[in-house]
Amino acid sequence: MKNDSTLSGNDTTAWGRRRFLNTAALTGLTLGAAACTDKQPAASGPTAAPAVASNAAHASGNDTHLKPGELDTYYGLWSGGHTGDMRVLGLPSGRELLRIPCFVPDALVGWGHTNESKAIMGTKPNGALRYTVGDTHHTHASYKDGNYDGRYAWINDKINSRIARIRLDYFICDKITQLPNVQGFHGIFPDKRDPVDPAINYTTRVFCGGEFGIPLPNAGIEDADTYRSLFSCVDAETMEVRWQVLIDGNCDLVATSYDGKLAASNQYNTEMGAKYEDMMSAERDACIFFNIARIEEAVKAGKFKTIGSSKVPVVDGTHAANKDPKTALTAHVSVPKNPHGVNASPDQKYFICAGKLSPTATVIELAKVLEWFDGTREDLDSSIVAEVEIGLGPLHTAFDGRGNAYTTLFLDSQIVKWNVDAAIKFHAGDKNAKYVVDRLDVQYQPGHINGSQSETVAADGKYLAVGCKFSKDRFLPVGPLHAENEQIIDMSGEKMVLLADHPVRGEPHDFIIFKRDLVKPKQVYDLDDFPNAIKDPKESGVFRNGKKVTVKMTSQAPAFSLREFKVKKGDEVTLILTNLDKIEDLTHGFAIPNHDVNFIVNPLETASVTFTAGEPGVYWCYCTHFCHALHLEMRTRMIVEA
Ligand code: RUQ
Ligand code: CUA
Ligand code: CA
């Protein structure tokens, strides 16, 4: 790729920039007639000087640079992409603090190797992991009173339709659920309160959007017209699938209302096409709304079926079955061309869908959708209170709590900041209403965007993070696979200011950012968290039951409680290790050469592994985590006898 000096964006016009971006990255994406006519150029449009912080400090004082030893003020929970984990960042610095393995084995923690993590990940009858790949997209956390409550976070795996829960006290994955009869599980969003019981003002459900239509049950039928998708509800506590809704078209991203009454999902394939040409044949698709209370009533009343071997109740949310608003479980609001992203504004009033193949954002008023369900509003599409042009390839939207929305423009490689009230006025006929407030060039092709506390009632409008899918020239070249570029922006002023670039391994997608005092992490485990904990080193030893051997051991720097242990070739060995060190940050590791064993035990944690003892010989089991001046000496011998 030619390195074009106009890339820096200093003086490119909107169209010059589009031409560059289109030749560089977008061959093959037919945009059709979706040219933005820019009826509403920004007060300071893309031709204005770029807003890039020239040094660390600028007017607002919002700054990504922390002095050594200074702590970040926000946590960021990031999708780890193909590493199948959740990344925990400190913000605004963007420093990575932790990776929480979920869907894919991890060699540091021993995730996918310890018996405890294998039980969470799921195994085949022979004990091997069911899956070793993942594709995480979306991450969200539990709510109370419209704000995060620091209990749980969730992340999805698109490939195998799995949802993982993270406990935010220990920052670990504790449960994984696979959705039945779903392929291409995409968006997730927790509910924000119960639609019926006002006392339940916190998350009890997580909604999951199924993207790919399949035969139900999946019996390899070729006729794509019969394929359908399911929208699923997972219980936040038990992580069991409570119910599913059969729909026409597809789900994509998911959002929920603050009153708990509705969940929404944008639909880009209302055509139910099997090829992309078919999927973009209609001028408009939809945002589907799910009436949670009615769905649960229908389930209670037994108005459901089940599919294949799954016992999960499936109610009918298709168009044909939901024509009468007074009984409808679902409502379909028309949204232009292959929309992507649906987000609920922090003022609790609106859902915003981005047009993707249409240069527009559509603002849907929650109260008006509810009126349709009540039977007091005849025309459902009149719940659309604005549909305004914002730029090319709009995808996701964040909020600042001051009435502004920030939408990524994939094709324009920009973020557009626009005022929702002004857009509503413009849509109502006030052509002087200037809704575009600012545009910022980003590098390049942004997908997800989120602001600090964005999708909560406590949106504080300080920092904006944007996940750019292409980095092109922003980092040192490292061969054909480019890093992606996650950028941090100061959103506190009228104009956005780009603060920092961070390279990241593909393909991270989504993230949330919240104030650090909303979580209270514990940094040492409790021995009682583990039923198999070895509480006293005197309980250590080798316990044989035929070919099955249990080795019990504890660790206390700089020694393991057993200095050696003997097993026989071919034994099925289960080794249980409890770390009796209770000091913060004192983690030990345990690796056995040639036996594919490597895991850690954090302070007062217990973990176990099961393996078959190999060829007779001596195997030095050693501590893999630097724990003590005698860390290298911290070893034990496994002696395998013939
Ligand atoms: S969706 S940008 Cu999963 Cu937009 Cu990734
Ligand atoms: Cu224990 Cu290193
Ligand atoms: Ca479509």
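Thresholds applied
- Residues numbered from 1 in each chain as written.
- Chains lettered and ligands numbered in written order.
- Predicted model: local features only at pLDDT ≥ 70, side-chain atom pairs only at ≥ 80, totals over all residues.
- Heavy atoms only, no water.
- Helix = DSSP H or I, 4+ residues; strand = E, 2+ residues; numbered from the N terminus.
- Rg over C-alpha atoms; globule rule 2.2 N^0.38 Å.
- Buried < 20%, exposed > 50% of the residue type's maximum accessible area, 1.4 Å probe, protein only.
- Contact = heavy atoms within 4.5 Å.
- Areas by Shrake-Rupley, 256 points an atom, 1.4 Å probe, with all protein chains shown as cover.
- Lys, Arg positive; Asp, Glu negative; His and termini not counted.
- Charge placed at Lys NZ, Arg CZ, Asp CG, Glu CD.
- Pairing = 2+ DSSP bridges.
- Axes fitted to C-alpha atoms, helices over the stretch in contact; angles between N-to-C directions.
- Donors = N, O, S within 2.8 Å, 3.2 Å for Na, K, Ca; no water.
- Salt bridge = Lys/Arg side-chain N within 4 Å of Asp/Glu carboxyl O.
- Near = heavy atom within 4 Å.
- Nonpolar A, V, L, I, M, F, W, Y, C, P; charged D, E, K, R; others polar.
- Phe/Tyr/Trp six-rings, centres within 6.5 Å; stacked < 30°, edge-to-face > 60°.
- Lys NZ or Arg CZ within 6 Å of the ring centre and 35° of its normal.
- Polar contact = N/O pair within 3.5 Å; in protein donor to acceptor, adjacent residues only side chain to side chain.

Student: Provide a residue-level description of the overall build of the protein chain, including the pertinent values.
Tutor: Check the secondary structure of the protein chain and you find six helices and 39 strands. Against the globule reference of 26 Å for 642 residues, the protein chain gives a C-alpha radius of gyration of 27 Å, in line with a compact fold. Structurally, the protein chain occupies a C-alpha span of about 85 × 65 × 50 Å along its principal axes. Looking at the 642 residues of the protein chain, the share that counts as buried comes to 58%. Residue pairs in contact within the protein chain that sit at least 24 positions apart in sequence constitute 61% of those at least 6 positions apart. Roughly 26,300 Å² of accessible area belongs to the protein chain as shown, and the carbon and sulfur atoms make up 53% of that amount. Charge-centre separation for the protein chain: the mean point of 68 positive side chains lies 3 Å from the mean point of 80 negative side chains.

Student: How would you explain the sheet that holds strand E13 (residues 262-267) if you had to name every residue and give the values?
Tutor: The four strands lie next to each other as E12-E13-E14-E16, forming an open sheet whose pairing is antiparallel. Of all strands in the sheet, those with a lone pairing partner are strand E12 (254-256) and strand E16 (330-336), marking the two edges. Neighbour-to-neighbour, the strand axes of this sheet turn through a mean angle of 25°, independent of strand direction. Packing of helix H4 (residues 292-300) onto the sheet brings it into contact with E13 and strand E14 (284-291), and relative to E14 it is tilted by some 60°.

Student: Explain the coordination of the calcium ion (ligand 3) residue by residue, including any values.
Tutor: Coordination of the calcium ion (ligand 3) by the protein comes from Tyr268 (O), Glu271 (OE), Glu271 (OE), Met279 (O), Asp285 (OD), Asp285 (OD) and Asn338 (OD1), over a distance range of 2.2 to 2.7 Å. As a motif over one chain, the donors of the calcium ion (ligand 3) read Y-x2-E-x7-M-x5-D-x52-N. Residue Asp285 is located in strand E14, and its partner Asn338 is located in the loop between E16 and strand E17 (340-344); the two are separated by 53 residues in the primary sequence. The exposure classification of Asp285 matches that of Asn338, with both residues buried.

Student: Tell me about the pairing of strand E28 (residues 497-504), and please be specific about residues and values.
Tutor: Examined bridge by bridge, strand E27 (residues 484-490) and E28 share seven bridges and lie antiparallel to one another. For Ile488, the partnering residue across the bridge sits in E28 and is Ala500.

Student: Residue-level account of the pattern of salt bridges, with values.
Tutor: One pass over the full model with this rule turns up 29 salt bridges. Between Arg228 and Asp248 there is a salt bridge whose closest N-O contact spans 3.8 Å. Here Arg228, found in the loop between strand E9 (205-212) and strand E10 (229-235), pairs with Asp248, found in the loop between strand E11 (241-247) and E12; they are 20 residues apart in sequence, far enough to count as distant. Given the relative accessible area of 21%, Arg228 is considered partly exposed. Here Asp248 falls in the buried class, since its relative accessible area comes to 12%. Here Arg637 makes a salt bridge to Glu564, at a shortest N to O gap of 2.6 Å. Placement of the pair is Arg637 in strand E39 (residues 635-641) and Glu564 in strand E33 (residues 564-568), with a sequence separation of 73 residues. On the basis of relative accessible area, Glu564 is assigned to the partly exposed category, the value being 36%.

Student: Report on the pairing of strand E26 (residues 463-468), specifying residues and quantitative values.
Tutor: Most of E26 sits inside the fold, with six of its six residues counted as buried. Burial along E26 is two-sided: the residues Tyr463, Ala465 and Gly467 and Leu464, Val466 and Cys468 are all buried. Pairing of E26 with E27 involves six bridges; the strand directions are antiparallel. If you follow Ala465 over to E27, its bridge partner there is Ile488.

Student: Please set out the site of ligand 1 residue by residue, giving values where relevant.
Tutor: Around ligand 1, the surrounding shell consists of His137, His138, His186, His340, His396, Gly447, His448, Lys469 and His509. Those elements that provide at least two residues to the shell around ligand 1 are strand E4 (136-144) and strand E25 (446-451). Residue composition of the shell around ligand 1, grouped by class: no nonpolar, eight polar and one charged.

Student: Mind laying out the sheet that holds strand E2 (residues 85-91), listing which residues take part and the relevant values?
Tutor: Strand pairing in a sheet takes place through backbone hydrogen bonds and is either antiparallel or parallel in direction. Ordered in space as E3-E2-E1-E29, the four strands form an open sheet in which the pairing is antiparallel. Lying at the two open borders of the sheet, with one neighbouring strand each, are strand E3 (95-101) and strand E29 (511-515). Taking each pair of neighbouring strands and ignoring which way they run, the sheet shows an average axis angle of 20°. In terms of strand pairing, strand E1 (residues 74-79) meets E2 through six bridges, oriented antiparallel. Note on E2: the bridge partner recorded for Ser79 is Met86.

Student: Account for the packing of aromatic side chains, with residues named and values stated.
Tutor: Scanning the model with the defined rule gives 19 aromatic pairs in all. Between the aromatic rings of Tyr143 and Tyr148, the centroid separation amounts to 5.1 Å while the plane-to-plane angle is 45°, which identifies the pairing as tilted. No difference in accessibility class separates Tyr143 from Tyr148, as the two residues are buried. Ring centres 5.1 Å apart and planes at 65° place the aromatic pair Phe426 and Tyr435 in the edge-to-face group. One aromatic cluster in this structure is built from Tyr75, Tyr143, Tyr148, Phe171, Phe189 and Phe514. Note that Lys356 overlies the ring of Tyr268, its terminal NZ or CZ placed 4.8 Å from the centroid. Just above the ring of Trp620 sits the side chain of Arg635; from NZ or CZ to the centre is 4.8 Å.

Student: Tell me about the side chain of Thr554, and please be specific about residues and values.
Tutor: With respect to the helices and strands, Thr554 occurs in strand E31 (residues 548-556). A relative accessible area of 2% places Thr554 in the buried class. Not counting the four nearest positions on each side in its chain, Thr554 is found in contact with Ile534, Pro537, Ser540, Ala559, Phe560, Ser561, Leu577, Thr578 and Leu580.

Student: A description of the side chain of Asp571 should follow, citing residues and the corresponding values.
Tutor: Inspection of the secondary structure assignment puts Asp571 in the loop between E33 and strand E34 (572-579). Judged by its relative accessible area of 1%, Asp571 falls in the buried class. Looking at Asp571, its side chain comes within polar contact range of the side chain of Arg544, at 2.7 Å. When sequence neighbours within four positions are dropped, the list of residues in contact with Asp571 reads Arg544, Lys547, Val549, Phe611, Thr612 and Ala613.

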